[in-house]
Amino acid sequence: FRLYTTDDTAMGISKQIFSKIWYKLCFIDYLQASPSKCIDCHTEIPSLFQFASVYASYGSNVYQTYESFEMMCWKIISIDRDLEKTSDSTQRPLMKTIDAAKRELEILNEIIKKDMKKKEKSTNSLFEEFILKMLVNSVKWKIEKMYLIYYQTSNSMEMLVYYTKEIIRLLVINVNNERLSFNKFPYILNIISRMIGFLTFHQIFEPRPDIAQLIDDLKELITTLPVMLGNSVNKLGLIITRLESLSVLWDRIQVVESKGAVIHPIFKILQNDILFFSKFTNKIPLLIRGMN
């Protein structure tokens, strides 16, 4: 979709439109990615942040131009995608990889801030600003979670709490300003699920009053989500209830150490849950299975 000086007006407009469609399609495709989904068109686009330093060495900046809202969304989500790849590996992701993702995300964030100042405030521009802020904060949240899990950095938990509050604040602003329709965007439920799932799990082993308050805030926000998301919201509610039940089990059952390998019952429950979800997500659709 690169524009050339030799392109006529019709070709230039066509490239811009198809570029927006393609990046939007890849963005949605990535959010729906799973082992049972055989078509992954988002993999056709290489990582942007991995090549940023290469472009810089040639005196070019991969983030130099703000081409469209759709492209900027993809640039942010491509960092999320690369973080997912590193966390899916059997080896611990390198600190320099996480640091690079954080650095490139900050570059994008500065570009977004400058661009938003130039735009007139309209419903469309407010929606775009909200989505871009949500994307940036959610990827920052994921980065801090990786610091916490893999490197136990001193301030990672506090930063995780900070970005959770920022995301909640953005959602509450929409509710207070009667822009509840903004919260319908599918990615919103995606990030809320990630946050409340991780925080509720963390609360089992290291309970904290501030984390408990964040979980309550997220639960309240979930009740404000549109009715059209009802089935997904109900399933999320079941997962939260299950994790909270495991928390009660963790407190009530004390495992006495012995010579044999003894583990707490909740770990066995979690292992069984993981096996169940793995089988479910790796299930091949009937139509495709019949063609093998």
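Residues numbered from 1 in each chain as written. Predicted model: local features only at pLDDT ≥ 70, side-chain atom pairs only at ≥ 80, totals over all residues. Heavy atoms only, no water.

## Structural notes on the packing of aromatic side chains
The line we're drawing: Pairing of aromatic rings covers Phe, Tyr and Trp, the last through its six-membered ring, and needs centres within 6.5 Å; plane angles under 30 degrees mean stacked, over 60 mean edge-to-face, and all others mean tilted. The secondary structure listing takes helices from DSSP runs of H or I that are at least 4 residues long and strands from runs of E that are at least 2 residues long, numbered from the N terminus.
Evaluation of the coordinates by the stated rule reveals 11 aromatic pairs. Judged by centre distance (5.9 Å) and plane angle (70°), the ring pair of Phe127 and Phe185 falls under edge-to-face. A residue pair is termed long-range when its members are at least 10 positions apart, and Phe127 in helix α5 (residues 123-151) and Phe185 in the loop between α6 (156-176) and α7 (186-205) qualify at 58 residues. A centroid spacing of 5.0 Å and a plane angle of 80° characterise the contact between Phe205 and Trp250, whose relative ring orientation is edge-to-face. Residue Phe205 is located in helix α7, and its partner Trp250 is located in helix α9 (residues 230-252); the two are separated by 45 residues in the primary sequence. These aromatic residues form a ring-pair network of at least three members: Phe27, Phe127, Phe130, Phe182, Phe185 and Tyr187.

## What to know about the nonpolar core
Just so we agree on the cut-off: We define a nonpolar core as any set of buried Ala, Val, Leu, Ile, Met, Phe, Trp, Tyr and Cys residues linked to one another through side-chain atoms lying within 4.5 Å. Only protein chains enter the accessibility calculation, which uses a 1.4 Å probe; a residue whose area is less than 20% of its type maximum is buried, one above 50% is exposed, and one in between is partly exposed. Contact criterion: two residues are considered in contact whenever any of their non-hydrogen atoms come within 4.5 Å of each other.
Grouped together as the largest cluster of nonpolar side chains are 62 residues, with contacts concentrated most on Ile76 and Leu199. Elements with a contribution of two residues or more to this core: α1 (9-31), α3 (69-88), α4 (95-118), α5, α6, α7, α8 (209-223) and α9. The element that contributes the greatest number of residues to this core is α5, accounting for 12 residues. Leaving out residues up to four positions away in the same chain, Ile76 has contacts with Leu105, Leu108, Ile112, Leu132, Leu135, Val136 and Val139.

## As for unusual backbone geometry
For Gln152, which is not glycine, the phi dihedral falls at a positive 45°. By secondary structure assignment, the location of Gln152 is in the loop between α5 and α6.

## Topic: the confidence of the model for the protein
How we decide: Note: pLDDT gives the predictor's confidence per residue, expressed from 0 to 100.
Mean pLDDT over the protein: 82, with 82% of residues reaching 70 or higher. Segment residues 58-66: pLDDT under 50, and 20 contacts once partners within four positions in sequence are set aside and those in other chains are kept.

## Remarks on the packing of α5 against α7
To keep things clear, this is the line we draw: Here an axis means a line fitted to C-alpha atoms, over the contact stretch when the element is a helix, while the angle between two N-to-C directions is reported on a 0 to 180 degree scale. Any angle between 65 and 115 degrees counts as roughly perpendicular, while under 35 counts as roughly parallel, over 145 as roughly antiparallel, and the rest as oblique. Crossings are assigned a handedness: left-handed for a near helix turned anticlockwise from the far helix by less than a right angle, right-handed for a clockwise turn. Any residue outside Ala, Val, Leu, Ile, Met, Phe, Trp, Tyr, Cys, Pro, Asp, Glu, Lys and Arg is labelled polar, Gly included; the first ten of those are nonpolar and the last four are charged.
Where α5 meets α7, the closest approach of the two axes is 11 Å, and the angle between their N-to-C directions is 25°. Classed by the angle they form, the pair α5 and α7 counts as roughly parallel. Crossing hand, α5 versus α7: left-handed. Here Phe130, Met134, Leu135, Ser138, Trp141, Lys142, Lys145, Leu148 and Ile149 of α5 lie close against α7, whose contacting residues are Tyr187, Ile188, Ile191, Arg194, Met195, Phe198 and His202. The residue inventory of the contact of α5 with α7, partitioned by class, reads 11 nonpolar, 2 polar and 3 charged.

## Describing α6
Rules: For a helix, the expected span equals 1.5 Å multiplied by the residue count minus one.
Between its first and last C-alpha, α6 extends 30 Å over 21 residues, near the 30 Å set by a 1.5 Å rise per residue. Residues of α6 that are buried: Ser156, Met157, Leu160, Val161, Tyr163, Thr164, Glu166, Ile167, Ile168, Leu170, Leu171 and Asn174. The secondary structure elements touched by the buried residues of α6 are α5, α7 and α8. Within two residues after α6, Glu178 carries a phi angle of roughly 55°, on the positive side.

## Considering the environment of Lys140
Inspection of the secondary structure puts Lys140 in helix α5. Taking the C-alpha atoms as reference, Lys140 lies 9.2 Å from Glu106; in sequence the two are 34 residues apart. Apart from the residues lying within four places of it in its own chain, the contact partners of Lys140 are Leu105, Glu106, Asn109 and Tyr163.

## Thoughts on the pattern of salt bridges
Quick note on the threshold: The salt bridge criterion pairs a side-chain nitrogen of Lys or Arg with a carboxyl oxygen of Asp or Glu, the two atoms within 4 Å.
Under the counting rule described, the total for this entry stands at 13 salt bridges. Across the salt bridge formed by Glu106 and Lys140, the nearest N and O atoms sit 3.1 Å from each other. One end of the pair, Glu106, is in helix α4; the other, Lys140, is in helix α5, and 34 residues separate them in sequence. Here Lys140 falls in the buried class, since its relative accessible area comes to 12%. A salt bridge links Glu158 to Arg208, with the nearest nitrogen and oxygen atoms 3.5 Å apart. Of this pair, Glu158 sits in helix α6 while Arg208 sits in the loop between α7 and α8, and the two are 50 residues apart along the sequence. We classify Glu158 as partly exposed; its relative accessible area is 42%. One continuous salt-bridge network, built from bridges that share partners, spans Asp80, Glu84, Lys142 and Arg194.

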